Amino acid sequence: MASQAAISLLPTDKFPTLWWINPKVLKRKKEADPVPSQLPLNLIGTLVHSNPEKSIAAIEVRGKNQVVSYSPGKEIEGMASILKVERQKVIFRNLNSNRLEYIEMKKDGNKVAFGAGVKAGGGAREVMKTGDNNFTIKRADLLKYTNDLSSILMQARAVPNREPGTGNINGFRLLDMQPGSIYEQLGLQRMDVIKSVDGTPVDSPAKAMELYNTLKNSPKVTLQIERNGKSETMTYNIQ
């Protein structure tokens, strides 16, 4: 019985190569860990979502002087395909070499340089939240901000948000903001994209400034934003 069992394990005409299968060949070769990328890309900001597919990275292509938002699965100018967005880091596949690479935010290069002497949120809050995405602001406080544009601009950093592929501006993304700033009081969050004001698209710096000036006499303002891939409307009643 023992000899019959042993014979049954020998190669047969039906399976002549049984003994030549290397078990190591059956295992998938592990891909090398990502390495720092030499592609002309700068990571400006990241927003990590609980659903990884909805995470967003704001990336600048050096030489083009523009920042575009990308999510996993999107390609960057035919150079790379985004695989994962982490906190201050993006992993992608280099489409030329096919290897895994990553870019990270510079420790100091992308910090917001808030102006000296500009205080945000040091006293009472000028904006009152009255409901979900609903706020009330006094006209006197609004005028205080609209008459001091330099102070407003120094409390946050925003860049044009461009559509992948076309490069068209479809809003402005808030990369960072000073704690207690008017932006924070207005319910805005880091990495929000301001798409339109009262239904008018904010698709250029000139349009943004034009709409900014119209706020002085408006009794009510609605702000359309994109947050975590979803559209939301912020409503501000001016008293």
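Residues numbered from 1 in each chain as written. Predicted model: local features only at pLDDT ≥ 70, side-chain atom pairs only at ≥ 80, totals over all residues. Heavy atoms only, no water.

Scanning the protein chain from terminus to terminus reveals 6 helices and 16 strands. For the protein chain, contacts bridging at least 24 residues in sequence account for 48% of all contacts bridging at least 6. In the structure as shown, the protein chain presents an accessible area of about 14800 Å², 53% of it carried by carbon and sulfur atoms. (Helix = DSSP H or I, 4+ residues; strand = E, 2+ residues; numbered from the N terminus. Contact = heavy atoms within 4.5 Å. Areas by Shrake-Rupley, 256 points an atom, 1.4 Å probe, with all protein chains shown as cover.)

Residue Gln88 is not a glycine yet carries a positive backbone phi of 60 degrees. With respect to the secondary-structure elements, Gln88 resides in the loop between β6 (80–86) and β7 (89–94). Since its relative accessible area comes to 39%, Gln88 is described here as partly exposed. In this model, Met191 sits at a positive phi of 80 degrees, which is unusual for a non-glycine residue. Examined against the element boundaries, Met191 turns out to sit in the loop between α5 (182–185) and β13 (193–197). (Buried < 20%, exposed > 50% of the residue type's maximum accessible area, 1.4 Å probe, protein only.)

For strand β2 (residues 41–47), the buried fraction is high: 7 of the 7 residues fall into the buried class. Both β2 and strand β3 (residues 56–61) contribute to a ladder of 6 bridges, which runs antiparallel. Looking at the pairing, Gly45 lines up with Ala58 of β3. (Pairing = 2+ DSSP bridges.)

On to the confidence of the model for the protein chain. Taken as a whole, the protein chain shows an average pLDDT of 77; of its residues, 71% reach a score of 70 or greater. Note on residues 1–9: pLDDT under 50 across the span, and 2 contacts to partners over four residues away in sequence or across chains. The model gives residues 108–123 a pLDDT under 50, and that stretch makes 26 contacts with residues more than four places away or in other chains. (pLDDT = per-residue confidence, 0-100.)

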